[in-house]
Amino acid sequence: GWTLDKLEGSPFEDYFIPGIFLFVFLGIISIAISILVFKKVKEYPILIISQGGILLIWIVIQAILIWEFNLLHLICISYGLFIIASGIFLLKGGK
């Protein structure tokens, strides 16, 4: 895991608040959106795009706060862009 020295210069003293954010926005909300996707709720493509956007925003903020960019950040950015592209494809009528 990461040591607390990664958080120097950030507004956080430990990983609790960032962990809560990740759990809620990238965990619980992702599960809720998945359920809505399977139920084919009318707005599900927009929800998928939003989830990709949340991931991208989180990764950019994290990279800025810790002043580091590594392979995992690149993977998460790529995945976020893939999620957004998938949502756009579905929004335009893709099946």
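The rules behind these values
- Residues numbered from 1 in each chain as written.
- Predicted model: local features only at pLDDT ≥ 70, side-chain atom pairs only at ≥ 80, totals over all residues.
- Heavy atoms only, no water.
- Axes fitted to C-alpha atoms, helices over the stretch in contact; angles between N-to-C directions.
- Helix = DSSP H or I, 4+ residues; strand = E, 2+ residues; numbered from the N terminus.
- Parallel < 35°, antiparallel > 145°, perpendicular 65-115°, else oblique.
- Left-handed = near helix turned anticlockwise from the far one by under 90°.
- Contact = heavy atoms within 4.5 Å.
- Nonpolar A, V, L, I, M, F, W, Y, C, P; charged D, E, K, R; others polar.
- Buried < 20%, exposed > 50% of the residue type's maximum accessible area, 1.4 Å probe, protein only.
- Core = buried A, V, L, I, M, F, W, Y, C linked by side-chain atoms within 4.5 Å.
- Phe/Tyr/Trp six-rings, centres within 6.5 Å; stacked < 30°, edge-to-face > 60°.

A. Geometry of the packing of helix α1 (residues 16-38) against helix α2 (residues 44-66). It is at 10 Å that the axes of α1 and α2 come closest, and there the two elements cross at 160 degrees. Considered as vectors, α1 and α2 are oriented roughly antiparallel to each other. The crossing of α1 and α2 is left-handed. Contact residues: P18, F21, L22, F25, L26, I29, S30, I33, L36 and V37 in α1; Y44, L47, I48, Q51, I54, L55 and W58 in α2. Grouping the amino acids of the contact of α1 with α2 by side-chain chemistry returns 15 nonpolar, two polar and no charged.

B. Geometry of unusual backbone geometry. Even without being glycine, K40 reaches a positive phi, approximately 55 degrees. Structurally, K40 can be placed in the loop between α1 and α2. Here K40 falls in the exposed class, since its relative accessible area comes to 59%.

C. View of the nonpolar core. In this structure, I33, Y44, I48, L55, W58, I59 and I83 together form the largest nonpolar core, which totals seven residues. It is α2 that provides the largest number of residues to this core, a total of five residues. If we ignore the near neighbours within four places in the chain, the residues touching I83 are I48, G52 and L55.

D. The packing of aromatic side chains, seen in detail. In the structure shown here, the tally under the stated rule is two aromatic pairs. Centroid distance F21 to W58: 4.8 Å. Interplanar angle 20 degrees. Geometry classified as stacked. Taken together, the positions of F21 in helix α1 and W58 in helix α2 put the pair 37 residues apart, joining distant regions of the chain. Judged by relative accessible area, W58 falls into the buried class, the value being 13%.

Everything listed here is a matter of coordinates, which is why it stays silent on function.
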